[in-house]
Protein chains: 2
Amino acid sequence: MTDLRKTVETFWATAEARDWDAFAETLAEDVVYTLPQTRERISGRERFVEFNREYPGDWHLRIERIIAEPGQVVSWTLFTVGLEEMYAISFFTGDENGRISAMTDFWPEPYEPPAGRDHLTERY
Amino acid sequence: MTDLRKTVETFWATAEARDWDAFAETLAEDVVYTLPQTRERISGRERFVEFNREYPGDWHLRIERIIAEPGQVVSWTLFTVGLEEMYAISFFTGDENGRISAMTDFWPEPYEPPAGRDHLTERY
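Attention here is on the structure that accompanies the text. Since this is a predicted model, take the numbers as computed values, not measurements.

What counts and how
Residues numbered from 1 in each chain as written. Chains lettered and ligands numbered in written order. Predicted model: local features only at pLDDT ≥ 70, side-chain atom pairs only at ≥ 80, totals over all residues. Helix = DSSP H or I, 4+ residues; strand = E, 2+ residues; numbered from the N terminus. Contact = placed C-beta atoms within 7 Å. Nonpolar A, V, L, I, M, F, W, Y, C, P; charged D, E, K, R; others polar. Pairing = 2+ DSSP bridges. Least-squares fit on C-alpha atoms with pLDDT ≥ 70 in both. Axes fitted to C-alpha atoms, helices over the stretch in contact; angles between N-to-C directions. Expected span 1.5 Å × (residues − 1). Buried ≥ 20, exposed ≤ 12 C-beta atoms within 10 Å, placed from the backbone. Arc of directions from axis to C-beta.

### Structural notes on the overall build of chain A
Item 1. What chain A contains, in helices and strands, is 3 helices and 7 strands.
Item 2. Secondary structure elements of chain A occur, N-terminal to C-terminal, as α-α-β-β-α-β-β-β-β-β.
Item 3. Taken along its principal axes, the extent of the C-alpha atoms in chain A is 50 × 30 × 25 Å.
Item 4. For chain A, contacts bridging at least 24 residues in sequence account for 43% of all contacts bridging at least 6.

### A short note on the interface of chain B and chain A
Item 1. With 35 residues of chain B in contact, the opposing surface of chain A contributes 35 residues.
Item 2. Residue contributions to the side of chain B that touches chain A peak at 4 residues, all from strand β4 (residues 72-81) of chain B.
Item 3. Split by residue class, the side of chain B that touches chain A holds 19 nonpolar, 4 polar and 12 charged.
Item 4. When strand β2 (residues 40-43) of chain A meets strand β7 (residues 122-123) of chain B, the two strands line up antiparallel, connected through 2 bridges. Paired with R41 of chain A across the strands is E122 of chain B, a residue of β7 of chain B.

### Here's the deal with the relation of the copies chain B and chain A
Item 1. You can overlay chain B on chain A at an RMSD of 0.0 Å; the transform is a turn of 180° with a shift of 0.0 Å along its axis. In the structure described here, the two chain copies are related by an operation that fits a two-fold rotation axis. Within chain B, the C-alpha atom positioned nearest to the axis of rotation is that of P108 of chain B, 2.0 Å from it.

### A word on the sheet that holds strand β5 (residues 84-94) of chain B
Item 1. Reading across the sheet, the 7 strands line up as β7(A)-β2(B)-β1(B)-β6(B)-β5(B)-β4(B)-β3(B) and stay open at both edges, with mixed pairing between neighbours. Each having just a single partner strand, β7 (122-123) of chain A together with β3 (59-68) of chain B make up the two edges of the open sheet.
Item 2. Docked against the sheet, helix α1 (residues 4-16) of chain B engages β3, β4, β5 and β6 (100-106) of chain B, running at close to 175° with respect to β3 of chain B.
Item 3. Packing against the sheet, helix α3 (residues 45-54) of chain B makes contact with β1 (27-35) and β2 (40-43) of chain B, and its axis sits at approximately 55° to β1 of chain B.

### Points about the sheet that holds strand β5 (residues 84-94) of chain A
Item 1. In space, the 7 strands of this open sheet follow the order β3(A)-β4(A)-β5(A)-β6(A)-β1(A)-β2(A)-β7(B), with mixed pairing throughout. Taken across any chain shown, the strands that pair with only one partner, and hence form the sheet edges, are β3 (59-68) of chain A together with β7 of chain B.
Item 2. Bridging between strand β1 (residues 27-35) of chain A and strand β6 (residues 100-106) of chain A involves 4 bridges; their strand directions are parallel. Counterpart to Y33 of chain A in the pairing with β6 of chain A is M103 of chain A.

### Digging into helix α1 (residues 4-16) of chain A
Given 3.6 residues per helical turn, the α-helix brings residues three or four places apart onto the same face.
Residues and elements named next belong to chain A.
Item 1. Across its 13 residues, α1 extends 18 Å between first and last C-alpha, which sits within 8% of the 18 Å expected from 1.5 Å per residue.
Item 2. By the burial criterion, the buried members of α1 are L4, T7, V8, F11 and A15. For α1, the angular spread of buried residues about the axis comes to 100°, placing them on one side.
Item 3. In the core, the buried residues of α1 are packed alongside α2 (20-25), α3 (45-54), β3, β4 (72-81), β5 and β6.
Item 4. Taken from the residues just after α1, R18 is the one with a positive phi, measuring 55°.

Take a look at the structure:
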C-alpha cells in the first residue's frame, strides 16, 4: 500500500515525463476523472491515460502545493504552454492500494476585478 | 492553540451567519488574502473583514470538502446567489495560534469543452 501523497507526486512526475506506463500505474482501473467546469467525465484507466497522452500542446507542470490526508489529497499545480501559464487545482481520492480512484480538476482563468472594491485591494 | 481545520470551519460558518466579530477572530491581524485570477491582494484583518462584509448579493455557502494538515488547509465550497452556483477553492495557512494568516482563493467558472476529446468524455 502506497501513501496517496506519494502516488500523486508520481502521477504528476510521470505526466511531465510523458511516461504513460508509469502514469497508468498510479491509477485504479475504474478511476473516474471529473471536470466540473465543463461537466465532462472520463471513466476508466485506459481512457484517462489516453486523454492525457492526447492532450495537445507542449505543456509542462510544476507542483505549487500539496495538502494530504491518508485517503484524500489536493494539489495546486502551475501549467505552462509556451508563454501561457495556468493553475490547476486537483482533488484526488485513493483506493485501498493507494492508487487514484477519483480526480476532480478545476482550471481557474484570469478575470477583471469587479468594480467597487479597490478601496480595499491592491493589484500585484 | 486551535486546530486550523476547526478555524476554517468556523471561518465559513461565521461568514454564512454574517457574524463578523466571530469571523474576525479566526484571522491573524496581518492576514493576507490573495486572488490570483484578478491579481488582487488584501492585507490586514480589518480590510479583509470589510471586504467580506461588503460583498454584494445574498450569497450562501456550503462546504463540499476540507483537506487539512496541521499548518495548511484547503476547502472546496459551493456558493449560491439566488439560482447561480459557483465553486470556490481556498488555500489557508495558519499562524502559531491556529488563526488564518494567509488565504488564497480560486473561483473557477464554467466553459465549453475544447473540440476533439468527446471520444473519451461523457457530459453530466
